[in-house]
Amino acid sequence: MSAASFVTVPYLLVRNELRLWVSLWLWAARRTHGAAAGGSVFGYARGQGAMMGGFAFVCVVESVMMSVLLRDWPAVHHVMLVLDVYTVVIVVGLHAASVVRPHVLDPDAGTLRVRRALHVDVRIPLERIASVRRELRTTHEPRDGELDLAVGSQTSVTVELAEPVTHVSFFGRRREVRVVRCHADDPGALVRAVEQAREGHAVP
């Protein structure tokens, strides 16, 4: 690993943690990140709410069980309690990030911003979209030039591009993609809005 990597990786991890806390604050304040004036937002977190809630509940149960098992070792108990509580915070924070960072269609800027929590944020110029359609998929095989942003193991909107866009991974790996699949709570509304924006009509 290069010296630059030793600097970059900690920076990315710290930045991710800060964004997690910002997401929790935005969620509590009922605010949305990156929503443009005159743009439209499309949520995608509804499909994972029950799963994330169940995961957080399991973490809480585990914390209680560990507290009982380690009650005779106070030092270890305190360390594990902090770790368990922080795990719950991370789980809730990841769901909050999905809620406050929806997909954003900005006709004025001519872009569709497709996101997934803290990890993916791709801006697609509307003129590069060859087609957009509602398509439910529950299985996704990794392929070159395709980006699958499944939520709850499914995607419901497929965007095919006439020209590729660049996707940058969490650790900075860049690759060109021509097909983007994502999920939306109301996929029909997202598809209609994108089609209207591409045709120059006002988006409701």
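Residues numbered from 1 in each chain as written. Predicted model: local features only at pLDDT ≥ 70, side-chain atom pairs only at ≥ 80, totals over all residues. Heavy atoms only, no water.

A. Spotlight on the packing of aromatic side chains. As enumerated under the stated definition, the model contains one aromatic pair in all. An angle of 35 degrees between the planes, with centres 6.5 Å apart, marks the rings of Trp21 and Tyr86 as tilted. Placement of the pair is Trp21 in helix α1 (residues 3–28) and Tyr86 in helix α3 (residues 74–100), with a sequence separation of 65 residues. (Phe/Tyr/Trp six-rings, centres within 6.5 Å; stacked < 30°, edge-to-face > 60°. Helix = DSSP H or I, 4+ residues; strand = E, 2+ residues; numbered from the N terminus.)

B. The sheet that holds strand β3 (residues 111–116), seen in detail. The strand order across the open sheet formed by four strands is β1-β2-β3-β4, and the pairing between neighbours is antiparallel. Since the sheet does not close on itself, it has two edges, and those belong to β1 (40–42) and β4 (120–125), each with one partner. Between one strand axis and the next, the sheet turns through 15 degrees on average, direction left out of account. Relative to strand β2 (residues 103–106), β1 runs antiparallel, the two being bridged by three bridges. Residue pairing in the sheet places Ser40 in a bridge with Leu105 of β2. Helix α4 (residues 187–198) contacts β1, β2 and β3 of the sheet and is inclined by roughly 25 degrees relative to β2. (Pairing = 2+ DSSP bridges. Axes fitted to C-alpha atoms, helices over the stretch in contact; angles between N-to-C directions. Contact = heavy atoms within 4.5 Å.)

C. Spotlight on α4. Its twelve residues give α4 an end-to-end C-alpha distance of 17 Å, which sits within 8% of 16 Å, the value for a rise of 1.5 Å per residue. Of the residues making up α4, those classed as buried are Pro187, Gly188, Ala189, Leu190, Val191, Ala193, Val194 and Ala197. In this fold, the buried residues of α4 make contact with β1, β2, β3, β5 (129–137), β7 (155–168) and β8 (174–182). Gly200 sits one or two positions beyond α4 and adopts a positive phi of about 85 degrees. (Expected span 1.5 Å × (residues − 1). Buried < 20%, exposed > 50% of the residue type's maximum accessible area, 1.4 Å probe, protein only.)

D. Summary view of the nonpolar core. Of all hydrophobic cores here, the largest spans 26 residues; its most connected members are Leu105, Leu112, Ile124, Ile129, Val157, Val159 and Leu190. Elements represented by at least two residues in this core include exactly β3, β4, β5, β6 (146–149), β7, β8 and α4. Top contributing element to this core by residue count: α4, with six residues. Those residues in contact with Ile124, other than ones at most four positions away along the chain, are Gly110, Thr111, Leu112, Val114, Ile129, Leu161, Val165 and Val180. Among the nonpolar cores identified, the runner-up in size contains five residues, and Ala56, Cys59, Val88 and Val91 belong to it. (Core = buried A, V, L, I, M, F, W, Y, C linked by side-chain atoms within 4.5 Å.)

E. Seen up close, the side chain of Glu146. You can see Glu146 is positioned in strand β6. Residue classification places Glu146 among the buried residues on the basis of a relative accessible area of 16%. Side chain to side chain, Glu146 and Arg181 meet in a polar contact 2.9 Å long. Leave out the neighbours within four places in its chain, and Glu146 touches Arg175, Val177, Val179 and Arg181. (Polar contact = N/O pair within 3.5 Å; in protein donor to acceptor, adjacent residues only side chain to side chain.)

F. Summary view of the pairing of β2. Residues His103 and Leu105 line one face of β2 and the alternating positions Val104 and Asp106 line the opposite face, and both faces are buried. Between β2 and β3, which follow one another and run antiparallel, lie four residues, and Gly110 among them has a positive phi close to 70 degrees.

G. The arrangement of empty space enclosed by the protein in detail. What the rule picks out here adds up to one cavity of 30 Å³ or more. As a volume, the largest cavity reaches approximately 40 Å³. Considering only residue class, the lining of the largest cavity consists of three nonpolar, one polar and two charged. (1 Å grid on protein atoms, 1.4 Å probe; cavity = no way out; pocket = protein on both sides within 12 Å on 5 of 7 lines; lining within 4 Å. Points joined across faces, edges and corners; volume = space filled by probe spheres on them. Nonpolar A, V, L, I, M, F, W, Y, C, P; charged D, E, K, R; others polar.)

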